[in-house]
Each structure stands twice: as C-alpha cells, then as structure tokens.
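Single-letter residue listing:
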Amino acid sequence: MQGSHATAPAPRAIRSEIQSAIDGGDFRVALTAIRTMIYSEPSPANYAFGANCLRQFGYQGAQQVDLCPLRTFIVRSVTVEPFLPQILVEAALAGVWLEITVGGYGSFIDELTNSKSALHKHRPDLVLVLLDVEDVAGDLQRACAQVSMKDACVAAEQAAARIVQMITASRQYSGARMLVQALIVPAHPALGPVADANLVTGEARLIRDINCKLAEACRTLGDSLLFDADQLAGAYGRNRWRDERLFSSTRLPIAIEMFGPYGRALARNIRALCLPAKKVLCTDLDNTLWGGILGEDGAAGIATGSVFPGNCFFAYQLYLKDLSVRGVLLAIASKNNPLDVQEAFRLRKADMALGLEDFAAIQIGWNDKPESIRQIAKQLNVGIDSFVFVDDNPAECA
C-alpha cells in the first residue's frame, strides 16, 4: 500500500529523523523510519538517501536490528550502479543487509571461471549473476531473425551450456550462495510477435528453454536460485521494462521507473535463498478473511462465497488453505467478539474455504494486535520473526 498515507512525513523531517537515529546508535528506529520513507514516497532520491544511511549501519548495526549481513559480489554484463540503492534498501526491508562489491563491466567469464579473479579473492557470502541475453545468447537472436531452425537450436543449446559451465566452475572455487538472473525475452522479437509465437524455434520459446536449464543447474548446484526476471518484466510490461535508448547508450538494462520493482523482487529472492522461510501466517478477519465488519454487518452480512465481492475473499481463503497444506501454520488475530466469530464460521460454513479448525492458534478479543501476536507466538513456541501478518489496516502492519 505504498503511497497511500495521507499524512506522510515531510521528506526533510524524516531524513533528519533517520540520520539522528543513526548518529545516536538507534538503528532500529532508523530502519523503521527508512521503511516509512520508502513506503510513503519510493523516489530515486529517497532510495539513494536510504542506501547511504544503511551503509552507515555497518555489520554491527545490521545485527542489532536482526538484519542478516551478507558480503555480496555482483557479476554483470551490463550497467548496474544506478539501481544499487534500490537493491540495498529493498534487501534491508526484506531482512538482509548487503555489503556490495561490483565486478568489472563485461568481465563475467573471467570472474566466474578464474580461481584468481576478483570474485573469488573477495570470498563473498552471496553472488548475484546478472547477465543480458545479448551478451550470452547474441547468436540465438541472429539465427531467429534469419529463420534458421538448426542454427537457432544450436545457439540456444550453446548459450545454456556456456552459462551453466560458468556458474558450475565458480562453485569449484567458492561456496557462496548464488542467485542467477534469468534471461529476459525481448519486447520485440526479431520476427514479430505472431511468427515468434508460432515457430518451434521462436525467440521467446528458446530463451525460456535456456532459463529452464539454468533453473535445473541451480537445483543441481544447491544453495542457488534462478531469479525469474523474465516473469517480472512480463508482469510490468516488456515495453516499460527497458528503455532501449538508455540501453544503447549506457547499457542500462532496466528503465528508471522499474528500479524499485526490480530491487524489491531481487530482495525477495535473496531472502528466500539466504533466510529461513516464515512458519506462521496470522490473519485479521474483518475486511481481510471476509468482507465487511462482523460487529456491524452480522454473520449474514459479511462478504464471502462465490458472488462478488465475496469471491475475492474466498480466493484469499483458498490461498491460505493451500499454504496450510504446504505446512504453514495459520492463526487469527482479530478485534472481535469471540462468540460472534464462532457464529460467523458456523452460519457461513458453506461460503468459506476455511473453518476455525484450520487455524493452529486464535486470539480474538480487544487486545492490541502486537499483544495478540505475542500470545500466538508463545502458544506455538515460535519467534515473532517467523510470522507474516495480514491486515487491511496498514497501521496494524507497520
């Protein structure tokens, strides 16, 4: 719900608050204020300021606020410096403090395969491999443009083999975790969208085949993940994802407006690779598990089931059900009358995908939400850091 706060702090005031907190050694207050600043206004200037402040934390400050510090090395074939602030800030908001070293421009082959390269001398905890399709599969694009089926297939096989060989060679010299960025399908394939979609050797199909092989290689190596940047580009729109003029002049692979979404997605992948998975999803009820306010609308008036808008909440319930099957514990923290909640689950059973029996812990009453979550954590014998809390009120999630 970024940008939705009507009373967001003035930029100068919140920046002053952040710097004062850092100067006073109160890194937790500083991190909370950085989060508020970015959620209120995710501008390049705020990201740059936030990144500079996070660098001041150092290892000791990061550990004080329970951020996982990681020495990180970026292997790249493109320009990455302009969006490093977004990566640093979004990683911190995801629970990871990065100390980033960037490898030489275009030196990715030597960095990955040479035991004496800067990468392997650095001895990082995490390696980010950010390569562009033009630099590792340029022959594929030309073969597709010439409608040469054999050459296109050979080029795709060779490109996949080269990348797999490089990341496999790197593992011989380093035990660092590795995040390998998927190749991104161009917005404008050489033969146009109609031909490309219908040819067996279409550019998009062959690039996705390469990505599948990279994912398989990551699974085989262990402690490695494929970062599906292609899916991300598709979600935001391929025409928006890259500014071709900027790419041609500066080799910047991402449009400026996409820096934030890219950093956020990359940070989520880093978290998944380097930190334990969350164990508990704790949900509110009113306007979250169902539509409406139970105390005002009554059990018959809340929205859930197959008819809009109830089907939106039913879809969320199904999602929680799937998480439960995968081993995630479900919990409820809600300000409500317990008897009213029991009645709602009983009367609307046919319209809900979940029953009270699906929840491992339930806190319903008039305590504040943080206290309810603490009680649930105690009951389940897990730490607060194992929780994801879902509520329609941003203030409750802050």
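Calculation criteria
- Residues numbered from 1 in each chain as written.
- Predicted model: local features only at pLDDT ≥ 70, side-chain atom pairs only at ≥ 80, totals over all residues.
- Heavy atoms only, no water.
- Core = buried A, V, L, I, M, F, W, Y, C linked by side-chain atoms within 4.5 Å.
- Buried < 20%, exposed > 50% of the residue type's maximum accessible area, 1.4 Å probe, protein only.
- Helix = DSSP H or I, 4+ residues; strand = E, 2+ residues; numbered from the N terminus.
- Contact = heavy atoms within 4.5 Å.
- Expected span 1.5 Å × (residues − 1).
- 1 Å grid on protein atoms, 1.4 Å probe; cavity = no way out; pocket = protein on both sides within 12 Å on 5 of 7 lines; lining within 4 Å.
- Points joined across faces, edges and corners; volume = space filled by probe spheres on them.
- Nonpolar A, V, L, I, M, F, W, Y, C, P; charged D, E, K, R; others polar.
- Pairing = 2+ DSSP bridges.
- Axes fitted to C-alpha atoms, helices over the stretch in contact; angles between N-to-C directions.
- Disulfide = S-S within 2.5 Å.

(A) Spotlight on the nonpolar core. One finds Ile18, Phe57, Leu98, Tyr262 and Ile270 to be the most contacted residues of the largest nonpolar core, which totals 60 residues. When residues of this core are assigned to their parent elements, the largest contribution, eight residues, is made by helix α15 (residues 259–274). Apart from residues no more than four positions distant in its own chain, Ile18 is found in contact with Ala30, Ala33, Ile34, Met37, Phe49 and Cys53. Residues Val133, Ala159, Met166 and Ile210 belong to the second largest nonpolar core, which totals 35 residues.

(B) Expanded view of helix α9 (residues 149–173). Given a rise of 1.5 Å per residue, 25 residues ought to cover 36 Å, and the 37 Å separating the end C-alpha atoms of α9 matches this to within 8%. Restricting attention to buried positions, one finds in α9 the residues Ala152, Ala155, Ala156, Ala159, Ala160, Ile163, Met166, Ile167, Ala169, Ser170 and Arg171.

(C) Looking closely at the layout of surface pockets. What the second largest pocket holds in volume is close to 420 Å³. Lining the second largest pocket we find 28 residues, and of these Ile184, Pro186, Ala187, Arg242 and Glu244 sit closest to its centre. Breaking the lining of the second largest pocket down by element, the ones donating at least two residues are α7 (133–136) and α13 (238–241). In the lining of the second largest pocket, the residues fall into 18 nonpolar, four polar and six charged.

(D) Highlighting the sheet that holds strand β8 (residues 361–365). Strand order across the open sheet formed by four strands is β8-β7-β6-β9, with parallel pairing between neighbours. Edge positions in the sheet fall to β8 and β9 (387–390), since each of these pairs with one other strand and no more. If you compare each strand with its neighbour and ignore which way they point, the axes differ by 15° on average.

(E) Looking closely at the pairing of β9. Here β9 shows one buried face, formed by Phe387 and Phe389, and one open face, formed by Val388 and Val390. Relative to β9, strand β6 (residues 280–283) runs parallel, the two sharing four bridges. Bridging across to β9, Cys282 finds its partner in Phe389.

(F) View of the state of the cysteines. Following the criterion strictly, the structure yields zero disulfides and no others. Free of any disulfide, Cys68 has its nearest cysteine sulfur in Cys274, 6.4 Å distant. Taking relative accessible area as the criterion, Cys68 reaches 22% and is therefore assigned partly exposed. The cysteine Cys212 is free of any disulfide, with Cys218 supplying the nearest cysteine sulfur at 12 Å.

(G) Region of the structure containing the sheet that holds strand β5 (residues 224–227). Reading across from one edge, β2-β1-β3-β4-β5 is the order of the five strands in this open sheet, with parallel pairing throughout. Each edge of the sheet is formed by a strand with only one pairing partner; in this case those strands are β2 (96–102) and β5. Put simply, the sheet's adjacent strands are angled 25° from each other on average, direction ignored. Two strands pair when backbone bridges link them, and strand β1 (residues 68–76) and β2 are joined in this way by seven bridges, in the parallel orientation. What sits directly across from Arg71, in β2, is Glu99.

(H) Representation of empty space enclosed by the protein. One pass over the structure, following the stated rule, counts two cavities of 30 Å³ or more. Each pocket or cavity is described by its volume, and for the largest cavity that value is around 40 Å³. Around the largest cavity, the lining residues are Ala51, Leu54, Arg55, Leu88, Trp97 and Leu98. Elements with a minimum of two residues in the lining of the largest cavity: α3 (44–64) and β2. When residues of the lining of the largest cavity are assigned to their parent elements, the largest contribution, three residues, is made by α3. Its residues assigned to classes, the lining of the largest cavity comprises five nonpolar, no polar and one charged. Space inside the second largest cavity adds up to approximately 30 Å³. Lining the second largest cavity are Ala143, Cys144, Val147, Ser148, Met149, Ala152, Leu191, Leu199 and Thr201. Elements supplying a minimum of two residues to the lining of the second largest cavity: α8 (138–145) and α9. The class makeup of the residues in the lining of the second largest cavity is seven nonpolar, two polar and no charged.

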